[in-house]
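Residue-level listing of the chains:
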Amino acid sequence: PKRDWSSDVCSSDLKKEKFMFIDTHCHLYDKKIENIAEVVKRAEENNVKKMIVAGIDLSSSQEAVNLAKQYSSVFANVGIYPESALDVDEKLLNNLYDLAQYEKVVGIGEIGLDYNYEVDRKIQQNALLKQIELAFSLKKPFVLHGRDAYGDAVNLLKQNKNLLAYGGTFHCYTGSRELAKEIIKLDLHISVGGVSTFSNAKNVQEMICYVPTENILLETDAPYLAPTPMRGKVNEPSFIPYIAQNLARLKCCEISEIEEKTTKNAEKLFKF
Ligand code: NI
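Residues numbered from 1 in each chain as written. Predicted model: local features only at pLDDT ≥ 70, side-chain atom pairs only at ≥ 80, totals over all residues. Heavy atoms only, no water.

Asker: Just checking my understanding: could you explain the packing of aromatic side chains for this structure?
Answerer: Two aromatic rings are characterised by how far apart their centres lie and by the angle between their planes. Tallying each qualifying case throughout the model produces 9 aromatic pairs. Here Tyr-150 and Phe-170 contribute two aromatic rings whose centre-to-centre distance is 6.2 Å and whose plane-to-plane angle is 45°, an arrangement assigned as tilted. Taken together, the residues span a long stretch of sequence, with Tyr-150 in helix 5 (residues 150-158) and Phe-170 in strand 6 (residues 168-170) at a distance of 20 residues. Of the residues examined, Phe-170 reaches a relative accessible area of 0% and is grouped as buried. Judged by centre distance (6.0 Å) and plane angle (85°), the ring pair of Phe-170 and Tyr-173 falls under edge-to-face. Overall, the relative accessible area of 3% leaves Tyr-173 in the buried class. Note that Lys-104 overlies the ring of Phe-75, its terminal NZ or CZ placed 4.9 Å from the centroid. Geometry around Tyr-210 places Arg-177 over its ring, the cationic atom sitting 3.9 Å from the centre. (Phe/Tyr/Trp six-rings, centres within 6.5 Å; stacked < 30°, edge-to-face > 60°. Helix = DSSP H or I, 4+ residues; strand = E, 2+ residues; numbered from the N terminus. Buried < 20%, exposed > 50% of the residue type's maximum accessible area, 1.4 Å probe, protein only. Lys NZ or Arg CZ within 6 Å of the ring centre and 35° of its normal.)

Asker: Help me out: how do you make sense of the side chain of Thr-220 in this one?
Answerer: Looking at where Thr-220 falls in the secondary structure, it is placed in the loop between strand 8 (216-218) and helix 8 (240-251). The exposure class of Thr-220 is buried, given its relative accessible area of 1%. Among the polar contacts made by the side chain of Thr-220, one reaches the side chain of Asp-23 at a distance of 2.5 Å. The contact partners of Thr-220, leaving out residues within four places of it in the chain, are Asp-23, His-25, Cys-26, Leu-225, Asn-235, Glu-236, Pro-237, Ile-240 and Ile-243. (Polar contact = N/O pair within 3.5 Å; in protein donor to acceptor, adjacent residues only side chain to side chain. Contact = heavy atoms within 4.5 Å.)

Asker: Where do I start with the state of the cysteines in this structure?
Answerer: Here a disulfide denotes one covalent bond, and it connects the sulfur atoms of two cysteines. Applying the stated criterion across every chain, the model contains 0 disulfides. Between Cys-26, a free cysteine, and Cys-172, which holds the nearest cysteine sulfur, the sulfur-to-sulfur gap is 13 Å. Residue classification places Cys-26 among the buried positions, given a relative accessible area of 0%. (Disulfide = S-S within 2.5 Å.)

Asker: Could you clarify how one ought to interpret the nonpolar core in this entry?
Answerer: Nonpolar side chains in soluble globular proteins tend to end up buried together. Of all hydrophobic cores here, the largest spans 81 residues; its most connected members are Leu-28, Val-74, Phe-142, Leu-157, Phe-170 and Tyr-173. When residues of this core are assigned to their parent elements, the largest contribution, 6 residues, is made by helix 8. (Core = buried A, V, L, I, M, F, W, Y, C linked by side-chain atoms within 4.5 Å.)

Asker: What is the right way to look at the coordination of the nickel ion in this model?
Answerer: Ideal geometry at a metal centre: 109.5 degrees between donors when four sit tetrahedrally, and 90 or 180 degrees when six sit octahedrally. Donor atoms from the polypeptide that bind the nickel ion are His-25 (NE2), His-27 (NE2), Glu-110 (OE) and Asp-221 (OD), placed at 2.1 to 2.2 Å. One way to put it: the 4 donor atoms around the nickel ion meet at angles of 81 to 174°, and that makes the site irregular. (Donors = N, O, S within 2.8 Å, 3.2 Å for Na, K, Ca; no water. Tetrahedral: all angles 85-135°; square planar, octahedral: opposite > 155°, others 65-115°.)

Asker: Sorry if this is basic, but what is going on with helix 6 (residues 177-185) here?
Answerer: Helical periodicity: at 3.6 residues per turn, an α-helix aligns residues three or four positions apart in one direction. Regarding helix 6, the residues found buried are Leu-179, Ala-180 and Ile-183. One face of helix 6 carries all of its buried residues, which in axial projection span an arc of 105°. Turned more than 90 degrees away from the buried face of helix 6, the exposed residues are Glu-178, Lys-181 and Lys-185. Among the structural elements, helix 5, strand 6, strand 7 (189-192) and helix 7 (202-209) are those in contact with the buried residues of helix 6. Structurally, the start of helix 6 carries an N-cap: the backbone nitrogen of Leu-179 is 3.1 Å from a side-chain oxygen of Ser-176. Trailing helix 6 by a residue or two, Asp-187 shows a phi angle of about 65°, which is positive. (Arc of directions from axis to C-beta.)

Asker: Sorry if this is basic, but what is going on with helix 7 here?
Answerer: All of the buried residues along helix 7 are Val-204, Gln-205, Met-207, Ile-208 and Cys-209. Contacts made by the buried residues of helix 7 are with helix 6, strand 7, strand 8 and helix 8.

Asker: Quick question: what am I supposed to make of the environment of Ile-184 here?
Answerer: Within the element layout of this structure, Ile-184 appears in helix 6. Apart from the residues within four sequence positions on either side, Ile-184 is in contact with Val-211, Pro-212 and Asn-215.

Asker: Mind showing me how you'd approach the pairing of strand 5 (residues 142-145) here?
Answerer: Successive side chains on a regular strand alternate, one facing one side of the sheet and the next facing the other. Neither face of strand 5 is left uncovered, since the one carrying Phe-142 and Leu-144 and the one carrying Val-143 and His-145 both have all their residues buried. For the handedness criterion, the β-α-β arrangement of strand 4 (residues 105-112), helix 4 (residues 121-137) and strand 5 is classed as right-handed. Of the strand pairs in this sheet, strand 5 and strand 6 are connected by 3 bridges, and their pairing is parallel. The residue of strand 6 that forms the bridge with Val-143 is Thr-169. (Right-handed = clockwise from strand over helix to strand, strands pointing away. Pairing = 2+ DSSP bridges.)

By themselves these figures say nothing about function.
In structure tokens, the structure reads:
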């Protein structure tokens, strides 16, 4: 089907629709976000009824849990990001395990591999595996960051298929179509964020066209990578409808279908 890449991303009447979107990945504790209460309120007003705040180290994971305690629409993921992989030891894993006992902790993340960081690759891979084991022991999904390391991340998962029973997602996935196919074969999800709306991200858009909507989650990764037409601004969960509308355009379907399927996917994966 013919796709129109050029027209405006979002129509003004999105707010009036009775949609329910979920932002499956954001960092509301980040200093760039000035007023969390207002950001949460704006999200709810824009039909983003649930949002998951992901930790990147122990203190931000604790902050994610605190926000989940404070706001009914906020849920938490706890995990250690590849940049801090050196910190992952028995004690830290126990801390994460304890944090994850809170009922609104719905996954382990954000964890993963990122070879742009100085941290030794073997140490990153070990920290990732340990946290995937943790997710499995907690019967929770994992949320994986794999920038420039998608191949190694997929291989690690393929070698540990026994740990994938509770699912997981590749957050802000910008890898190849071939690897996306392997991720889907593992029954994992692919999270689509602001990058998918950028006019210079044709490869990402083409890849997304081949991913079944049944495997897609929506996310902002706020405060980073705001979608078009908010590009350059501080990203926030209320921008999810722009990502959904663009995804509907890529898939040549109605936004209501994107809303219905991605919300169902998120609810099933994170069990909330
Ligand atoms: Ni993130």
